[in-house]
Amino acid sequence: MAWTIRALGHPVDGEPVRWQGSLSSKVLPHGVLACRAGVLNLLSDGVGAGIRHWAAVGAITQTRVRRKPITVAYADVEVPERLAVVETASNRTVFDLLVKMTDPGRAVAELEALAREGRLGRGAISTLLDLSRNHPTPSIDQLLAEIQAHRIV
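Keep in mind that what you see is a predicted model, and the values were worked out from it rather than measured. (Residues numbered from 1 in each chain as written. Predicted model: local features only at pLDDT ≥ 70, side-chain atom pairs only at ≥ 80, totals over all residues. Heavy atoms only, no water.)

Peer 1: Report on the overall build of the protein, specifying residues and quantitative values.
Peer 2: Check the secondary structure of the protein and you find six helices and four strands. Element order for the protein, N to C, with α for helix and β for strand: β-β-α-β-β-α-α-α-α-α. Sorting the 153 residues of the protein into buried and exposed places 49% on the buried side. Summed over its atoms, the accessible surface of the protein is roughly 8,300 Å², and 50% of this surface lies on carbon and sulfur atoms. (Helix = DSSP H or I, 4+ residues; strand = E, 2+ residues; numbered from the N terminus. Buried < 20%, exposed > 50% of the residue type's maximum accessible area, 1.4 Å probe, protein only. Areas by Shrake-Rupley, 256 points an atom, 1.4 Å probe, with all protein chains shown as cover.)

Peer 1: I'd like to hear about the sheet that holds strand β1 (residues 2–11), residue by residue, with values.
Peer 2: The antiparallel open sheet is built from four strands, whose spatial order is β2-β1-β3-β4. Both edges of this open sheet fall to β2 (17–24) and β4 (70–78), since each of them pairs with a single strand only. Along the sheet, successive strands turn relative to each other by an average axial angle of 15 degrees, direction set aside. Pairing of β1 with β2, which is carried by eight bridges, proceeds in the antiparallel orientation. By the bridge assignment, Gly9 is partnered in β2 with Val17. Against the sheet, helix α1 (residues 31–48) makes contact with β1, β2, β3 (53–62) and β4, and its axis sits at roughly 140 degrees relative to β3, the strand it touches most. (Pairing = 2+ DSSP bridges. Axes fitted to C-alpha atoms, helices over the stretch in contact; angles between N-to-C directions. Contact = heavy atoms within 4.5 Å.)

Peer 1: Mind laying out the environment of Val32, listing which residues take part and the relevant values?
Peer 2: With respect to the helices and strands, the residue Val32 is situated in helix α1. Since its relative accessible area comes to 25%, Val32 is described here as partly exposed. Separated by 66 residues in sequence, Val32 and Leu98 place their C-alpha atoms 9.0 Å apart. Contact partners of Val32, with chain neighbours within four places excluded, come to Ile70 and Val72.

Purely spatial values, then, with no claim about function.
Pasting the structure below:
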């Protein structure tokens, strides 16, 4: 089974931005986590387009089994330009990031700081989740090092 996710964001300046994708429910066992991943994908795509301040962002998913959709939404989201690397952030897994996420803008900024080049690429969270399937819960730092070594993103 897979989560089909649609995310929508309203930048403070500009037209609405959309992201759509799917993630395995084996990797993300709950729809809220899948929605959070969709929001982070939207924000990382937005950073690539120069969008850092959003009036609102949200995501929705549902499965064939469950009729009621699962949603998450955040208002007034800002992705900071520069953020010092938090040492504990590099040891977390992508799953930890999604479970403990309270501020999606800060989460994307932390990932940018860990990426060292400042850009995560399109669908960054989906890429990190796909890479983590091959290893027993690698840290975000290990995943980003693998991406840089092999130029995956």
